Amino acid sequence: MRVRRLRIEAFGRIRDLDTGPEPLPDVVVALGPNEAGKSTLARFLTTLLYGFYPASRDRNPYTPWGEGDAQGSGVLHLDGGGCVEVERRLRSTPTGSLRSGDTEDDLRNRTLPWVDHVPLKVFEEVFSVSLADLAGLDATTWEEIQDRLIGSMGASDLRPARTVADELEAEAGELWRPSRRGNQRIRDLRAESRALRERRRDAADADRRLREAVRQRDEARRLLKEAREERQRRKLAVARVERLEPVRRALRRIDDLRREAGDTDDLEGLPAEPDAALRRLDDDVRARAEAVADARSAGRDPQAAVDAYTDDARRLVGRRRDIEDHLGRAAGVAPQRARIGALLQELSDLDRRLETTAADVLATPWSEVPAGPLHALPVSELRSRLRDLTRAREDRRVAESALGRATAVPVPEAPGPPRTAAAALLALGAILLAAGGVSGVPAATVAGVAALAAGAALLAAAARPTAPRPAPGETPEERALAEARSTEADARTGVESLLREIPVAPAALDEADAALAASLERLQELVRDRQERERALAGLQEDVARVDRDGRGLAALFGHDPDADPGALTDLLERELRRAASLAEAAGAAERELDRLRRQEARAETARAEAAEARDRLRTRLAVHGDGDPERGVDVVGRRRRAATRAAEARADLERAHPDLDDLMARIERAEAAGEPWTLDDEELARIKADVESLTEEIEGLVQRAEAMDAEVGRLEERETADSVDGAIATLDEEETRLLRQRDRKWVLAQLIRTADRRFREQHQPDVMRRAGRHLAHLTGGRYDRILADETRDDGPFHLRGPSLADPIPLAPPLSTGTLEQAYLALRLAIVDHLDEGQERLPLVLDEVLVNWDEARRSRGMDALAAVAETRQVFLFTCHPEMADAMASRGARVLTIGSGT
Amino acid sequence: MRFVHVADVHLDTSFAGRSEAVRQRLREASRDAFRRAVDLAVREDAHALLVAGDLFDGDRLSFQTERFLLEQAGRLQAHGVTLVYATGNHDPGGTDAGPRRLPWPANVRLAADGTPARIAVQDRTGTPVGYVSAIGHATAREREDLSRRLPSPPRTPGGLPEVALLHTQVHSSQGAEAHHAYAPSDLSWLVRAGYDYWALGHVHIHQILSQDPPVVYAGCLQGRTHTDQGARGAALVDLSNRSAPLITFRELAPVRWETVRVGDLSEADSLDLLERRVSAAWRNAREEDPGAAGTEWMVRVVLDGPSPLWRELRAEEDRNVLAAELTAALGALDVVVHADRVHPVVPVDVHRGRVDALGACLSLLDELAAGRARLGALDAADLAGAPTDDPAAVDAYVRRLLDDVDGEVVARFLGLDGGER
């Protein structure tokens, strides 16, 4: 890369600098006095390649004073051909552009891609060499450059191995180093751990003190317990004398009374006052015996009533249901009996009406009239024929009248049979028949039948028709009459044919008209009524007869005449039953009374027996207590009873006075069991009381002590415990272990990198040294021709060799400064060569590097630079015009700085 | 004879935890576990409670724990249960300190001085139901095989069961390497010794080393650190039938320690996503082993590998925030997050084979892992946490340290990591 033109509008103190269109040569000398801007120009060159750093207008020292931005541009010819123009400007932020032909790229503040292989820092340190730098390459930069040169072979993506290793060692060192220098995390942890162990000791001490405090507290509590027990014993002794002894005496008195009372179980059941009880029992026995006698005498009247209830009465009562049933049925058939009477009367009336009606139209008594023909008579047909007959008769009468008028001979009518007598006989027969049926008297029935037969015969006789009259002569009237008669005869025949079996009285027949039909129809109705009543009567009579038969049967059972009037028999049975029932009821009541009296007697007897037994038992028990004498027993029992009562009362008094009596008794019992004394003299009592007071004071002290130790235990228990601190220590230990491994890992990794780097360096370093040797030979005119590198040597890593030297000499004083500077310059040139070997060669900026050299060295140096310029552009800054001239004579162009060029 | 066999109770263990509240709960958990063991003995009508050493964690209990222990012994006495206690390396009984200092009630039989004791165990009526031969550690560093000191039990046909009680490290037991080889014993000898049951302590993992006769580690009663993962409790043993002993493990520890390892975090680019990843891993683990009802969990979340959140995970404050959120999300008693090996997301394989210092580092790591190289000039004195001065041990330690650091190395060379802790 060659810089062919530079234009600076403003950069630091430089303004409006333009090297012009004439391309800058391979060696450019910037000539100017100190502070003229040579370093500023060198910085601009660097900025042109790498951008503004710092990238802030405010912080960048090359921002011009006053108005305007730092800005400038340069034209670069690249080693591989091609030309680019770079422009940089620092506004509030840096800007830049890169033009190549017609192409312009926004560069911003980026490094030019052709210098990427050389970091800015390396360029500044290696490619820009000042007089001070020449002799003062600090170790860090040197090592860095060495690493980059040797270890990275110019690769731009890797950091120097030594840097990486250094970082790892630094990180490891931050964790732990063998020496105590600097901050070390692990040593800090250990310090923390030590502090914790100190705390653990405190905690262990607290634990020890806690145990001691607990021991002391337990001891205080033990002593307290003992003191309280002792005080309690003392108090008990006092209480024994002052409080327990009266109780004990009372208890003894109670015991005495109880002994006197003895085992009162055998007094259980004995009355409180046995003598009075005996008297009461005697009185009771007597009273009960009287009650027995009274009960017995009261049973006589009831017994008489029982006896009055005879067997006959019992039989009656035994058949009471039958009798009452009969009485009920007899009473039940009373309406039937009345109805029978009424029906008989109605039948009688019907017979009379039949007789009467029959007598009007029939020739025979009603009793002789056959019932069937009358019943079967079609009355309506009869009426029709009768109407015909009536008309025929009228016609005949008219004919007869006509004839009569012609002849006028009347025809007498023959007399009929006595129909009235027949009706009377029929009525009588019916009455007799009914009476016989009701009364059951056969003679009445027979007489009735006979009367009915006679009446019927008479009625039949009366009903016989009369013989036809002889036919008349042949006159018209006669013929008319004959015809009328014939018609009448036919009509009559028609009527008679209907009445053929009915004994209609001839007269009635002769004059038969509608009345005849009405009469016969009336007879039919009466007959039907009568038949209905007869049927009703027969049913009623059968019911009544059945009841009467039962009544007779019952009457016969009780010795009465069964043939007597059923009504009378019924009344008799009812009366007798009523009487028997009354006797039965009286006997029942008497039985119940007798039963009650017997129970009363039994109870009275039982009570009497019990009273007697109780009395005897009491006497017996009293006799036991009285050595066979009940009276003495009464005294003994009374005395024991009184003792028991007094013992109970004394006990109750004691319990009232001492609610804690059980406790007192237990204490008395314990005291007695322990054989403790129950009597103390006053002096002993006073001494014990004083002991109690003393023990109370001691107890108070012990209580305070125990409480204080409790508080101390509480405080100590709240203290951090050793195991808690141990946990914190363990945590630190664990962290330390982890960090130790981490530290060792970093450290070992650093060693690994160093080892690898060394191996690599050993493989590649000789070539760098060879290049440096060639440059040195150039600079020294062949006096020294090799630089040796050996980092293991104590006298320095670099040594010089030359044709005139038998052994390598250290590149260090006492070598002359000029030689040292020559050697370093040679190394720098070699490094530069290696840094961009195979890539874009970057410009080399040298600032007064040759100024301290003698004439010969300077001349060789300028020759060497001219040789270097064959492969890379060299910028030489100087304030010495003769130096500029000398370089100009070697083809350099001189830029005078500070002159406005 | 029925008995409850516990071991390694470690009362008053110095639990490490993020907060005093958690540490306090863990200390209580040890006591709760022992109380549960006593409850179990009472509830099951056991004739004895056997403690196979390390009842105490140190030579001295806190006053409160002493009081607790004596109360529990008193409870056993009230129910007629004999407590046989053989001391271990944590609570040796060779001095007047430790267990011998306590005013034990009469039902407690202590084997504490390296002398065998044969103790008749009785039922509630005073009838012997079996014998326990116990021997305790007299010192904290007992190197002798104490099992050899126990006398051979009488071999009486139809006799009572004979139980041996001992705190020992059986060579072949699982997890023995995690414990000091105190009172080491040999399984074949134990099996031949003639006892009906060996009640062992010291190794914290419950295991039955032999079925006939049963040689049993009860395991620690309550886990103490994340090395004590899984259910912890006691063995409930019934030797009523000597030829068919019944051994049941009963989980008694109220707190369990569990670790959730979550790798491949490159997709989890937020703490929320990360929390979900961890929660899912926890749920999966609990589906396989849900633990007893009411179990409280001490969870260690180990995050490993590349993560976009490497910077946050390196920051202790952020880790603590994540831990607090996970504590709530997992319903745990406490969660700690370990992210020492988390590094930025870098494509390590891309950088392998490059000709520079990074390439050289990666090659060297491969050689170290393969044992083809070792880091020279490393001295135990340079290492803060080297286990011993033994070069082989140091070398192994270094190899463990360098396990899976490729990503971090690349990240550091690329300038993505460094100086953040």
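Because the structure is predicted, anything quoted here is derived from the model rather than measured.

Student: Tell me about the overall build of chain B, and please be specific about residues and values.
Tutor: Assigned secondary structure in chain B consists of 10 helices and 17 strands. In chain B, which comprises 421 residues, the share counted as buried stands at 55%. Put simply, 70% of the contacts in chain B that link residues at least 6 apart link residues at least 24 apart. For chain B, the accessible area works out to roughly 16,600 Å², and carbon and sulfur atoms hold 48% of it.

Student: Give a detailed account of the overall build of chain A, specifying residues and quantitative values.
Tutor: Along its length, chain A carries 26 helices and 14 strands. Out of the 901 residues in chain A, the part that is buried amounts to 45%. The contacts of chain A with a sequence gap of at least 6 include a subset with a gap of at least 24, amounting to 74%. For chain A, the accessible surface area stands at approximately 45,200 Å², while carbon and sulfur atoms represent 50% of it.

Student: Would you mind going over the interface of chain A and chain B in detail, with residue names and values included?
Tutor: Taken residue by residue, the interface counts 52 residues in chain A and 59 residues in chain B. Approximately 4,500 Å² of surface area, both sides summed, lies buried where chain A meets chain B, with 56% of it carried by carbon and sulfur atoms. Area buried by chain A at its contact with chain B is led by Arg211, Arg745 and Leu752 of chain A, which between them contribute 16% of it. Where chain A touches chain B, the interface holds 8 salt bridges. A salt bridge links Arg185 of chain A to Glu316 of chain B, with the nearest nitrogen and oxygen atoms 2.8 Å apart. Viewed at the interface, chain B and chain A are joined by 20 residue pairs in polar contact (both at pLDDT 80 or more). If you list the elements that add at least two residues to the side of chain A that touches chain B, you get helix H5 (161-175), helix H6 (185-261) and helix H23 (722-780) of chain A. With 29 residues, H23 of chain A is the largest single contributor of residues to the side of chain A that touches chain B.

Student: How would you summarise the sheet that holds strand E12 (residues 214-217) of chain B if you had to cite specific residues and measurements?
Tutor: Paired through their backbone hydrogen bonds, the strands of a sheet run either parallel or antiparallel. All names here are of chain B. A sheet is described by the order of its strands in space; here 6 strands give the open sequence E5-E6-E7-E10-E12-E11, paired in mixed fashion. Two strands in the sheet have a free side with no partner beyond their single neighbour: strand E5 (117-122) and strand E11 (207-211). The sheet shows a mean angle of 20° between the axes of neighbouring strands, taken without regard to direction.

Student: Let's hear about a negative patch on the surface: which residues, and what values?
Tutor: A surface patch of negative charge is lined by Glu273, Asp275, Asp629, Glu631 and Asp635 of chain A. Here Asp275 of chain A lies in helix H7 (residues 274-297).

Student: Go over the packing of helix H8 (residues 300-308) of chain A against helix H19 (residues 566-625) of chain A, please, and point to the residues and values.
Tutor: Two quantities define a packed helix pair, namely the angle between the axes and the distance from one axis to the other. All names here are of chain A. Between H8 and H19, whose axes approach to 8 Å, the crossing angle comes to 145°. Pair H8 / H19 crosses with left-handed handedness. Every residue of H19 that contacts H8 at Pro302, Gln303, Ala305, Val306 and Ala308 is listed here: Leu583, Ala586, Ala587, Ala590, Glu591, Glu593, Leu594 and Leu597. Classifying every residue of the contact of H8 with H19 gives 10 nonpolar, 1 polar and 2 charged.

Student: Kindly report on the nonpolar core, identifying the contributing residues and their values.
Tutor: In this structure, Leu6, Leu76, Ile787 and Leu846 of chain A are the most contacted members of the largest nonpolar core, which totals 81 residues. Sequence-distant contacts of Leu6 of chain A, that is, excluding residues within four places in its chain, are made with Leu17, Asp18, Thr19, Leu24, Leu41, Phe44, Leu45, Leu48, Ser73, Gly74 and Phe875 of chain A. Among the nonpolar cores identified, the runner-up in size contains 39 residues, and Ala172 of chain A together with Val398, Leu402 and Val410 of chain B belong to it.

Student: Can you tell me about the confidence of the model for chain A, naming the residues and giving the values?
Tutor: Per-residue confidence for chain A gives a mean pLDDT of 84; residues scoring 70 or more make up 89%. In this model, residues 135-142 of chain A is a region of pLDDT below 50 whose contacts with residues beyond four sequence positions or in other chains number 8 contacts.

Student: I'd like a rundown of H7 of chain A, residues and numbers included.
Tutor: All names here are of chain A. When the terminal C-alpha atoms of H7 are compared, their 35 Å separation across 24 residues agrees well with the 34 Å that a helix rising 1.5 Å per residue should span. Taken together, the buried positions of H7 are occupied by Pro274, Ala276, Ala277, Leu278, Leu281, Val285, Val292 and Ala295. At its buried positions, H7 is contacted by H19 and helix H20 (630-657).

Student: Go over the environment of Pro335 of chain A, please, and point to the residues and values.
Tutor: Along the chain, Pro335 of chain A falls in helix H11 (residues 334-361). Along the primary structure Pro335 of chain A and Leu540 of chain A are separated by 205 residues, whereas in three dimensions their C-alpha atoms are 9.5 Å apart.

Student: Could you give an account of the sheet that holds strand E15 (residues 255-262) of chain B, with specific residues and numbers?
Tutor: Residue and element names in this part refer to chain B. Taken in spatial order, the 3 strands line up as E15-E16-E17 in an open sheet, and their pairing is parallel. Looking at the sheet topology across the chains shown, the edges are occupied by E15 and strand E17 (334-343). On average, each strand axis in the sheet is tilted by 15° relative to the strand beside it, whichever way the strands run. In this sheet, E17 lies alongside strand E16 (residues 296-306) in parallel orientation, the contact comprising 8 bridges.

Student: Tell me what's going on with the side chain of Arg217 of chain A, and back it up with residues and numbers.
Tutor: Residues and elements named next belong to chain A. Here Arg217 lies in helix H6. Only 3.2 Å separates the side chain of Arg217 from the side chain of Asp710, close enough to count as a polar contact. With residues up to four places along the chain from it excluded, the contact list for Arg217 reads Ala706, Met709, Asp710 and Val713.

Student: Break down the packing of aromatic side chains for me, citing the residues and quoting the values.
Tutor: What the rule picks out here adds up to 10 aromatic pairs over all chains. Between Phe11 of chain A and Phe44 of chain A the ring centres are 5.3 Å apart and the planes differ by 75°, which places this aromatic pair in the edge-to-face class. Of this pair, Phe11 of chain A sits in strand E1 (residues 2-11) while Phe44 of chain A sits in helix H1 (residues 38-50), placing them 33 residues apart in sequence. Of the two residues, Phe11 of chain A and Phe44 of chain A, both sit in the buried class. Ring geometry for Phe34 of chain B versus Phe68 of chain B: centroids 6.3 Å apart, planes at 70°, classification edge-to-face. Residue Phe34 of chain B is located in helix H1 (residues 20-43), and its partner Phe68 of chain B is located in helix H2 (residues 63-78); the two are separated by 34 residues in the primary sequence. One aromatic cluster in this structure is built from Phe11, Phe44, Phe52 and Tyr62 of chain A.

Student: Which residues make up the pattern of salt bridges, and what values do they have?
Tutor: Enumeration over the complete set of coordinates arrives at 121 salt bridges over all chains. Across the salt bridge formed by Arg234 of chain A and Glu230 of chain A, the nearest N and O atoms sit 2.0 Å from each other. Highlighted residues: Arg234 of chain A and Glu230 of chain A, both in helix H6, separated by 4 residues, approximately one helical turn. Taking the relative accessible area as the measure of exposure, Arg234 of chain A reaches 25% and is therefore partly exposed. For Arg399 of chain B, the salt bridge is made with Asp395 of chain B, and the minimal N-O distance between the two is 2.9 Å. With a gap of 4 residues between them, Arg399 of chain B and Asp395 of chain B both fall in helix H9 (residues 391-401), about one helical turn apart. Judged by relative accessible area, which is 41%, Arg399 of chain B ranks as partly exposed.

Student: A description of the environment of His10 of chain B should follow, citing residues and the corresponding values.
Tutor: All names here are of chain B. Here His10 shows up in the loop between strand E1 (2-6) and H1. On the accessibility criterion, His10 (1% relative accessible area) is buried. With residues up to four places along the chain from it excluded, the contact list for His10 reads Ser30, Asp54, Leu55, Phe56, Asp57, His90, His204 and Arg224. A distance of 2.9 Å separates polar atoms of two side chains, one belonging to His10 and the other to Asp57. A polar contact of 3.3 Å, which involves the side chain of His10, links it to the side chain of His204.

Reading guide: rules and limits
- Residues numbered from 1 in each chain as written.
- Chains lettered and ligands numbered in written order.
- Predicted model: local features only at pLDDT ≥ 70, side-chain atom pairs only at ≥ 80, totals over all residues.
- Heavy atoms only, no water.
- Helix = DSSP H or I, 4+ residues; strand = E, 2+ residues; numbered from the N terminus.
- Buried < 20%, exposed > 50% of the residue type's maximum accessible area, 1.4 Å probe, protein only.
- Contact = heavy atoms within 4.5 Å.
- Areas by Shrake-Rupley, 256 points an atom, 1.4 Å probe, with all protein chains shown as cover.
- Buried area = accessible area lost by both parts, 1.4 Å probe.
- Salt bridge = Lys/Arg side-chain N within 4 Å of Asp/Glu carboxyl O.
- Polar contact = N/O pair within 3.5 Å; in protein donor to acceptor, adjacent residues only side chain to side chain.
- Pairing = 2+ DSSP bridges.
- Axes fitted to C-alpha atoms, helices over the stretch in contact; angles between N-to-C directions.
- Patch = residues over 30% accessible without salt bridge, like charges linked within 9 Å, V, L, I, M, F, W, Y side chains within 5 Å.
- Lys, Arg positive; Asp, Glu negative; His and termini not counted.
- Charge placed at Lys NZ, Arg CZ, Asp CG, Glu CD.
- Left-handed = near helix turned anticlockwise from the far one by under 90°.
- Nonpolar A, V, L, I, M, F, W, Y, C, P; charged D, E, K, R; others polar.
- Core = buried A, V, L, I, M, F, W, Y, C linked by side-chain atoms within 4.5 Å.
- pLDDT = per-residue confidence, 0-100.
- Expected span 1.5 Å × (residues − 1).
- Phe/Tyr/Trp six-rings, centres within 6.5 Å; stacked < 30°, edge-to-face > 60°.

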